[in-house]
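The lines below spell out each chain.
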Amino acid sequence: MNRREYIRLQNLGIAALFSPHIETEWSWSPSVERLMGIDPPKLFGQEKTQLTRRAYKAFNRMKMAAWNDGIGIRTVSSYRSYADQKRIFERKFQAFTQEGDSGEDAIERIIEYSTLPGTSRHHWGTDIDIIQAGRTVDGDSLLEEHFEPGGAFAALKEWLDQNATDFDFYLVYTKDTNRKGFNYEPWHLSYAPESVSLLKNYLRKEVINRVLAQKVIGYDHLSEARLNRYLEEHLLGINPKLLP
Ligand SMILES: [Zn+2]
């Protein structure tokens with residue numbers, strides 16, 4: 001932050017003191033429950049497209065523009081609650097430990113592909129998984145190969161590469177091999193104007209403490225040190241454009 005920006009922020013802080021009912025973008029502080037998907041934001045959209053108002057409007061504009069270029073966009077997943085993520089995690093934890101994994105090993109296996117409940121970007125209502133409409137694939141549609149040249153969703157991928165950022169949507173888990181955390185996900189986009197600020201708010205001690213304090217099967221095998229490393233690699237191992 002340069003000096004001018006700093007002074008601007010300070011002035012906003014002073015202004016907020018005199019008018020506490022006016023919420024500036026700078027003073028907005030989402031609750032821990034909001035960040036963890038326990039307390040959802042007001043969601044807009046139908047069926048699988050469930051986003052915050054601003055993200056939904058931007059997504060619709062992008063969808064319309066793609067449509068005008070002959071590309072249909074279909075949503076696979078958007079907002080996911082804490083309860084949704086907890087169900088996925090516990091089911092996998094029980095299956096893996098029954099296969100003979102230790103608790104710690106089961107957690108390592110889960111976080112290769114899934115998040116710990118309370119830590120998913122899908123809890124924020126700003127992130128969305130999409131594929132190309134009107135194309136069918138056998139089995140899992142969220143596979144890298146479908147988005148590669150020659151794949152079923154290659155035209156969508158090409159369109160997104162050229163246009164998504166015009167609508168403030170950015171790829172989160174890029175193809176960069178130096179990146180840690182989750183694997184490349186060409187289908188997962190994030191609405192930067194809101195998600196950057198949410199991520200900044202997320203990185204607080206009270207959020208980490210609350211994640212650990214939840215009653216989740218398997219969490220007695222999750223240490224604070226492991227959670228911290230996970231957050232550093234999985235939450236911050238993203239497209240630099242989305243870092244606060
Ligand atoms: Zn996703």
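Residues numbered from 1 in each chain as written. Predicted model: local features only at pLDDT ≥ 70, side-chain atom pairs only at ≥ 80, totals over all residues. Heavy atoms only, no water.

Peer 1: Just give me the short version of the nonpolar core, but keep the residues and values in it.
Peer 2: Taken as a class, soluble globular proteins show a tendency for nonpolar side chains to be buried jointly. Among the nonpolar cores identified, the biggest contains 32 residues, and F89, L116, Y202 and L227 are the most heavily contacted of them. Where this core is concerned, the elements lending two or more residues are α2 (32–35), α4 (82–98), α5 (103–110), α8 (192–202), α9 (205–213) and α10 (224–235). When sequence neighbours within four positions are dropped, the list of residues in contact with F89 reads I107, I110, T115, L116, P117, V216, I217 and Y219. A55, M62, F147 and L156 belong to the second largest nonpolar core, which has 27 residues in total. (Core = buried A, V, L, I, M, F, W, Y, C linked by side-chain atoms within 4.5 Å. Buried < 20%, exposed > 50% of the residue type's maximum accessible area, 1.4 Å probe, protein only. Helix = DSSP H or I, 4+ residues; strand = E, 2+ residues; numbered from the N terminus. Contact = heavy atoms within 4.5 Å.)

Peer 1: Tell me about the side chain of S141, and please be specific about residues and values.
Peer 2: Structurally, the position occupied by S141 is in the loop between β2 (127–132) and α6 (144–147). Overall, the relative accessible area of 18% leaves S141 in the buried class. Not counting chain neighbours up to four residues away, the residues in contact with S141 comprise V76, I131, H146, F147 and F153.

Peer 1: So what's going on with the confidence of the model for the protein? Which residues, and what values?
Peer 2: Should the pLDDT be low somewhere, the predicted coordinates at that spot are not to be read in detail. Scored by pLDDT, the protein has a mean of 89; 89% of the residues are at 70 or more. Segment residues 9–26 is flagged for pLDDT under 50; beyond a separation of four residues in sequence, or across chains, it makes 6 contacts in the model. (pLDDT = per-residue confidence, 0-100.)

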